[in-house]
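Structure at a glance
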Amino acid sequence: MSILGDFNVHHQLWLSSSFTDQPGEQAYNCSILQDLEQLVQHPTRIPDRLGDTPNILDLFLTTNPSAYSVKLFSPLGSSDHNLIYVTCPIAPVPPRDPPKRRCLWHFNSAKWENLRQYYSDFPWNDYCFHVKDPSLCAERITEVIVSGMEAYIPHTF
(Lines give C-alpha, C1' and ligand atoms only; values in the text may rest on other atoms or scores of the structure.)
Protein backbone atom coordinates (compact mmCIF):
# COMPACT_ATOMS: atom_id res chain seq x y z
CA MET A 1 0.00 0.00 0.00
CA SER A 2 1.24 3.48 -0.80
CA ILE A 3 -0.25 6.85 0.16
CA LEU A 4 1.27 10.03 -1.17
CA GLY A 5 0.53 13.71 -1.48
CA ASP A 6 0.88 17.22 -0.08
CA PHE A 7 -0.55 16.68 3.40
CA ASN A 8 0.32 20.05 5.03
CA VAL A 9 0.76 18.36 8.41
CA HIS A 10 3.42 19.16 10.97
CA HIS A 11 5.24 16.85 13.37
CA GLN A 12 8.46 17.80 15.15
CA LEU A 13 10.05 14.37 15.46
CA TRP A 14 8.61 12.65 12.41
CA LEU A 15 8.65 15.42 9.78
CA SER A 16 11.31 17.79 11.15
CA SER A 17 8.75 20.57 11.66
CA SER A 18 9.20 23.34 14.20
CA PHE A 19 5.95 22.22 15.93
CA THR A 20 3.44 19.36 15.99
CA ASP A 21 -0.21 19.97 15.06
CA GLN A 22 -3.19 17.65 15.54
CA PRO A 23 -3.32 16.54 11.85
CA GLY A 24 0.42 15.80 12.08
CA GLU A 25 -0.12 13.65 15.16
CA GLN A 26 -3.02 11.85 13.46
CA ALA A 27 -1.01 11.21 10.29
CA TYR A 28 1.86 9.88 12.40
CA ASN A 29 -0.41 7.57 14.41
CA CYS A 30 -2.13 6.33 11.25
CA SER A 31 1.23 5.53 9.65
CA ILE A 32 2.25 3.51 12.72
CA LEU A 33 -1.07 1.63 12.88
CA GLN A 34 -0.90 0.75 9.17
CA ASP A 35 2.83 -0.07 9.27
CA LEU A 36 3.59 2.68 6.74
CA GLU A 37 7.07 4.10 6.34
CA GLN A 38 7.66 7.71 5.29
CA LEU A 39 10.12 7.72 2.38
CA VAL A 40 10.61 11.48 1.96
CA GLN A 41 13.35 12.34 4.44
CA HIS A 42 14.29 15.91 3.44
CA PRO A 43 12.29 19.16 3.48
CA THR A 44 9.95 19.53 0.52
CA ARG A 45 8.63 23.03 1.25
CA ILE A 46 11.00 25.90 0.66
CA PRO A 47 10.40 28.85 3.04
CA ASP A 48 9.08 31.84 1.09
CA ARG A 49 8.44 34.20 4.02
CA LEU A 50 10.66 35.55 6.76
CA GLY A 51 10.49 33.29 9.81
CA ASP A 52 9.35 30.20 7.85
CA THR A 53 11.39 27.05 8.14
CA PRO A 54 11.81 24.20 5.66
CA ASN A 55 9.24 21.45 6.26
CA ILE A 56 8.47 17.99 4.99
CA LEU A 57 4.88 18.53 3.82
CA ASP A 58 4.85 16.05 0.94
CA LEU A 59 4.54 12.53 2.24
CA PHE A 60 5.15 9.21 0.56
CA LEU A 61 3.98 6.50 2.94
CA THR A 62 4.29 2.86 1.99
CA THR A 63 4.23 -0.65 3.42
CA ASN A 64 6.95 -1.69 0.97
CA PRO A 65 9.80 0.85 1.25
CA SER A 66 12.39 -1.33 -0.47
CA ALA A 67 10.38 -1.21 -3.72
CA TYR A 68 10.84 2.55 -4.16
CA SER A 69 13.62 5.01 -4.77
CA VAL A 70 13.00 8.68 -3.82
CA LYS A 71 14.93 11.73 -5.05
CA LEU A 72 14.26 15.43 -4.46
CA PHE A 73 14.91 18.09 -7.10
CA SER A 74 14.62 21.88 -7.17
CA PRO A 75 11.13 23.36 -7.46
CA LEU A 76 9.57 23.81 -10.88
CA GLY A 77 8.62 27.36 -11.85
CA SER A 78 7.39 29.46 -8.95
CA SER A 79 6.43 26.50 -6.73
CA ASP A 80 7.55 26.58 -3.11
CA HIS A 81 7.82 22.76 -3.05
CA ASN A 82 10.74 20.66 -4.16
CA LEU A 83 10.01 18.16 -6.89
CA ILE A 84 9.77 14.60 -5.57
CA TYR A 85 10.82 11.91 -8.00
CA VAL A 86 9.82 8.37 -7.04
CA THR A 87 10.67 5.28 -9.05
CA CYS A 88 9.44 1.75 -8.63
CA PRO A 89 10.82 -0.87 -10.97
CA ILE A 90 7.87 -2.99 -12.02
CA ALA A 91 8.38 -6.37 -13.61
CA PRO A 92 6.05 -7.14 -16.48
CA VAL A 93 2.99 -9.09 -15.46
CA PRO A 94 2.95 -12.45 -17.19
CA PRO A 95 -0.09 -12.98 -19.39
CA ARG A 96 -2.94 -14.79 -17.71
CA ASP A 97 -4.07 -18.13 -19.00
CA PRO A 98 -7.23 -17.88 -21.06
CA PRO A 99 -10.33 -18.52 -18.96
CA LYS A 100 -11.23 -22.17 -18.65
CA ARG A 101 -14.69 -23.43 -19.35
CA ARG A 102 -16.69 -23.85 -16.18
CA CYS A 103 -18.42 -27.17 -15.63
CA LEU A 104 -21.85 -27.12 -13.97
CA TRP A 105 -22.84 -30.41 -12.39
CA HIS A 106 -26.56 -31.34 -12.29
CA PHE A 107 -26.55 -33.38 -9.07
CA ASN A 108 -30.35 -33.69 -8.94
CA SER A 109 -30.22 -35.82 -12.10
CA ALA A 110 -27.27 -37.98 -11.05
CA LYS A 111 -27.37 -41.78 -11.25
CA TRP A 112 -26.10 -42.23 -7.70
CA GLU A 113 -26.39 -46.00 -7.51
CA ASN A 114 -24.44 -46.40 -10.77
CA LEU A 115 -21.74 -44.02 -9.49
CA ARG A 116 -21.45 -45.96 -6.20
CA GLN A 117 -21.13 -49.21 -8.17
CA TYR A 118 -18.47 -47.63 -10.47
CA TYR A 119 -16.36 -46.58 -7.48
CA SER A 120 -16.92 -49.90 -5.73
CA ASP A 121 -15.84 -51.96 -8.77
CA PHE A 122 -12.87 -49.77 -9.70
CA PRO A 123 -9.42 -51.44 -9.21
CA TRP A 124 -8.12 -48.70 -6.86
CA ASN A 125 -5.08 -50.65 -5.62
CA ASP A 126 -3.82 -51.55 -9.08
CA TYR A 127 -4.31 -48.13 -10.63
CA CYS A 128 -3.87 -45.61 -7.81
CA PHE A 129 -2.11 -47.07 -4.81
CA HIS A 130 0.71 -49.15 -6.27
CA VAL A 131 2.70 -46.03 -7.24
CA LYS A 132 5.32 -44.68 -4.80
CA ASP A 133 4.90 -40.99 -5.63
CA PRO A 134 2.11 -39.44 -3.48
CA SER A 135 1.50 -36.70 -6.07
CA LEU A 136 0.95 -39.26 -8.83
CA CYS A 137 -1.31 -41.25 -6.52
CA ALA A 138 -3.38 -38.12 -5.81
CA GLU A 139 -3.59 -37.31 -9.55
CA ARG A 140 -4.87 -40.82 -10.31
CA ILE A 141 -7.45 -40.72 -7.52
CA THR A 142 -8.69 -37.41 -8.86
CA GLU A 143 -8.81 -38.81 -12.38
CA VAL A 144 -10.95 -41.76 -11.25
CA ILE A 145 -13.32 -39.58 -9.24
CA VAL A 146 -13.81 -37.13 -12.13
CA SER A 147 -14.29 -39.92 -14.67
CA GLY A 148 -17.05 -41.40 -12.50
CA MET A 149 -18.70 -38.03 -12.13
CA GLU A 150 -18.56 -37.42 -15.88
CA ALA A 151 -20.14 -40.82 -16.54
CA TYR A 152 -22.98 -40.68 -14.01
CA ILE A 153 -23.67 -37.02 -13.19
CA PRO A 154 -25.08 -34.92 -16.04
CA HIS A 155 -23.11 -31.73 -16.61
CA THR A 156 -22.91 -28.76 -18.96
CA PHE A 157 -20.21 -26.17 -19.71
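How each quantity is defined
Residues numbered from 1 in each chain as written. Predicted model: local features only at pLDDT ≥ 70, side-chain atom pairs only at ≥ 80, totals over all residues. Heavy atoms only, no water. Helix = DSSP H or I, 4+ residues; strand = E, 2+ residues; numbered from the N terminus. Contact = heavy atoms within 4.5 Å. pLDDT = per-residue confidence, 0-100. Phe/Tyr/Trp six-rings, centres within 6.5 Å; stacked < 30°, edge-to-face > 60°. Lys NZ or Arg CZ within 6 Å of the ring centre and 35° of its normal. Patch = residues over 30% accessible without salt bridge, like charges linked within 9 Å, V, L, I, M, F, W, Y side chains within 5 Å. Areas by Shrake-Rupley, 256 points an atom, 1.4 Å probe, with all protein chains shown as cover. Salt bridge = Lys/Arg side-chain N within 4 Å of Asp/Glu carboxyl O. Buried < 20%, exposed > 50% of the residue type's maximum accessible area, 1.4 Å probe, protein only. Disulfide = S-S within 2.5 Å. Polar contact = N/O pair within 3.5 Å; in protein donor to acceptor, adjacent residues only side chain to side chain.

Quick word on the environment of W112
For W112, the position within the fold is in helix α3 (residues 112-121). Put simply, W112 and M149 are 37 residues apart on the chain and 9.6 Å apart in space, counted from C-alpha to C-alpha. Non-local contacts of W112, meaning those with residues more than four positions away in its chain, are made with F107 and I153.

Thoughts on the confidence of the model for the protein chain
Averaged over all residues, the pLDDT of the protein chain equals 87, while 99% of them reach at least 70. Of all helices and strands in the protein chain, the one with the weakest mean pLDDT is helix α1 (residues 12-15) (84), whereas α3 scores best (96).

Digging into the packing of aromatic side chains
Both the distance between ring centres and the angle between the ring planes are used here to describe each pair of aromatic rings. Applying the stated rule across the entire model yields ten aromatic pairs. Between Y119 and W124 the ring centres are 6.2 Å apart and the planes differ by 50°, which places this aromatic pair in the tilted class. Among the aromatic residues, ring-to-ring pairing joins Y118, Y119, F122, W124, Y127 and Y152 into one connected group. The lysine or arginine in question, R101, covers the ring of F157, its NZ or CZ lying 4.1 Å from the ring centre.

Let's talk about a nonpolar patch on the surface
Where nonpolar side chains cluster on the molecular surface, the patch consists of F73, L76, L83 and Y85 and spans about 400 Å² of accessible area. Residue position: L83 is located in strand β5 (residues 83-87).

Some words on the pattern of salt bridges
Within the structure shown, the criterion is met by one salt bridge. A salt bridge links E113 to R116, with the nearest nitrogen and oxygen atoms 3.3 Å apart. Placement of both E113 and R116 in helix α3 is noted, with a separation of three residues, approximately one turn of the helix. Overall, E113 belongs to the exposed group, its relative accessible area being 51%.

Some thoughts on the state of the cysteines
Enumeration according to the criterion identifies zero disulfides in this entry. Left unpaired, C137 is separated from the closest cysteine sulfur, that of C128, by 6.1 Å.

Some details on the environment of H10
By the secondary structure assignment, H10 is in the loop between β1 (2-6) and α1. Look at H10 and you get buried, because its relative accessible area is 14%. For H10 and H106, which are 96 residues apart along the polypeptide, the C-alpha to C-alpha distance reads 63 Å. The residues contacting H10, other than those within four sequence positions of it, are S17, F19, T20, D21, G24, E25, N55 and L57.

Here we look at the side chain of H11
Among the secondary structure elements, H11 is positioned in the loop between β1 and α1. Accessibility expressed as a relative area gives 6% for H11, which makes it buried. At a separation of 3.4 Å, a polar atom in the side chain of H11 contacts the side chain of E25. Contact partners of H11, with chain neighbours within four places excluded, come to S16, S17, F19, T20, G24, E25 and Y28.

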